[in-house]
Amino acid sequence: MSIRLLLAAACCLIVVPAAHAVEYTRVNTTASQISFTYNQMGSRMYGTFGKFDATLDFDTDNLASARTTLHIDLTSIDAGSEDANTELVKPAWFDTEKFPVAVFESIRFSPAGDNRYLVDGHLTLKGITREVQVPVQLKPDSSIGIFDGELVLKRDEFGLGAGEWADTVVSKDIDIKFKVVAPAQ
């Protein structure tokens, strides 16, 4: 093998691009979604929140400085029926007159392998703040990052469903799923 061939092969190895950091700093709320499911009288129910704002500062190579905040307009709930929507804004549930917004603020991102992360943060609902951990998967797609996550909300921990709703007509666990779409920077 000639020296030129060896040098050419070595140069090719040097210029092969290495994996590089990807930053996500803007959220496309129009393409993003927050949904929830729960059981009511034995039937699986589905709903969404139509209005929310999110901030994101996420660099795949610098998790120590990663941050996100989510503000959900609770009056934008669509639980599948006008009756349910009317009931959920009342004091027994979200009490949107006093607490119109739910807030999640991250405090740390931890790697969980294969583009998966654990996001620890504070969730505030109805004036009550609890620390929660949210598993999130980043699905890079061309120049867009799709962050899929899920959280099981224990409604008793936030005083949701008081009074006549305190029984088990509505499940105590509410499954919240989200898809946050962010262009790569």
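Residues numbered from 1 in each chain as written. Predicted model: local features only at pLDDT ≥ 70, side-chain atom pairs only at ≥ 80, totals over all residues. Heavy atoms only, no water.

Going by the annotation in an unreviewed UniProt entry, the name recorded for the chain is YceI family protein, with Pseudomonas fitomaticsae given as the source organism.

J.: Tell me about the pairing of strand 5 (residues 67-73), and name the residues and values.
T.: On any regular strand, side chains alternate: one points to one face of the sheet, the next to the other face. Here strand 4 (residues 52-59) runs beside strand 5; their pairing, made up of 6 bridges, is antiparallel. Residue pairing across strands places D57 opposite R67, the latter belonging to strand 5. Taken together, the 5 bridges between strand 5 and strand 7 (residues 101-113) define a ladder with antiparallel strand orientation. Bridge pairing links D73 to V101 in strand 7. (Pairing = 2+ DSSP bridges. Helix = DSSP H or I, 4+ residues; strand = E, 2+ residues; numbered from the N terminus.)

J.: Describe the environment of L125, and please don't skip the residues or the numbers.
T.: Locating L125 in the fold gives a position in strand 8 (residues 116-125). Take L125: its relative accessible area is 5%, and that puts it in the buried class. Spatially, the C-alpha atoms of L125 and G159 are 8.7 Å apart, while their sequence positions differ by 34 residues. Setting aside residues no more than four positions away along its own chain, L125 makes contact with L74, F94, A102, L153, F158 and L160. (Buried < 20%, exposed > 50% of the residue type's maximum accessible area, 1.4 Å probe, protein only. Contact = heavy atoms within 4.5 Å.)

J.: Hey, could you go over the packing of aromatic side chains for me, with residue numbers and the actual values?
T.: Counted under the stated rule, the structure contains 8 aromatic pairs. Judged by centre distance (6.4 Å) and plane angle (35°), the rings of Y24 and F58 are tilted. Placement of the pair is Y24 in strand 1 (residues 23-24) and F58 in strand 4, with a sequence separation of 34 residues. The interplanar angle of 50° and the centroid separation of 5.4 Å between the aromatic rings of F58 and F109 together place this pair among those described as tilted. Residue F58 is located in strand 4, and its partner F109 is located in strand 7; the two are separated by 51 residues in the primary sequence. Accessibility assignment for this pair places F58 and F109 in one class, buried. By the ring-pair criterion, three or more aromatic residues cluster together here, those being Y24, F58, F109, Y117 and F147. (Phe/Tyr/Trp six-rings, centres within 6.5 Å; stacked < 30°, edge-to-face > 60°.)

J.: Would you mind going over the pairing of strand 2 (residues 33-40) in detail, with residue names and values included?
T.: As paired elements, strand 2 and strand 11 (residues 173-183) share 5 bridges and run antiparallel to each other. Each residue of the ladder has a partner; that of S35, found in strand 11, is K177. In the sheet, strand 2 pairs with strand 3 (residues 43-49) via 7 bridges, with the strands oriented antiparallel. Bridge pairing links Y38 to M45 in strand 3.

J.: Just give me the short version of unusual backbone geometry, but keep the residues and values in it.
T.: Positive phi outside glycine occurs at D95, with the angle close to 50°. Here D95 lies in the loop between helix 2 (82-88) and strand 7. Judged by relative accessible area, D95 falls into the buried class, the value being 9%. Here the phi dihedral of D114 falls at roughly 55°; this positive angle occurs in a residue that is not glycine. As for its position among the elements, D114 is in the loop between strand 7 and strand 8. Its relative accessible area of 71% is what places D114 among the exposed residues.

J.: Give a detailed account of the environment of G161, specifying residues and quantitative values.
T.: Relative to the elements of secondary structure, G161 occurs in the loop between strand 10 (144-154) and strand 11. Distance from G161 to P91, taken between C-alpha atoms, is 8.7 Å for residues 70 residues apart in sequence.

J.: Please provide a residue-by-residue account of the sheet that holds strand 8, values included.
T.: Ordered in space as 1-4-5-7-8-9-10-11-2-3-6, the 11 strands form an open sheet in which the pairing is antiparallel. Lying at the two open borders of the sheet, with one neighbouring strand each, are strand 1 and strand 6 (77-78). Where strand 3 lies against strand 6, 2 bridges are found, and the strand directions are antiparallel. Within the sheet, the bridge partner assigned to T48 lies in strand 6 and is D78.

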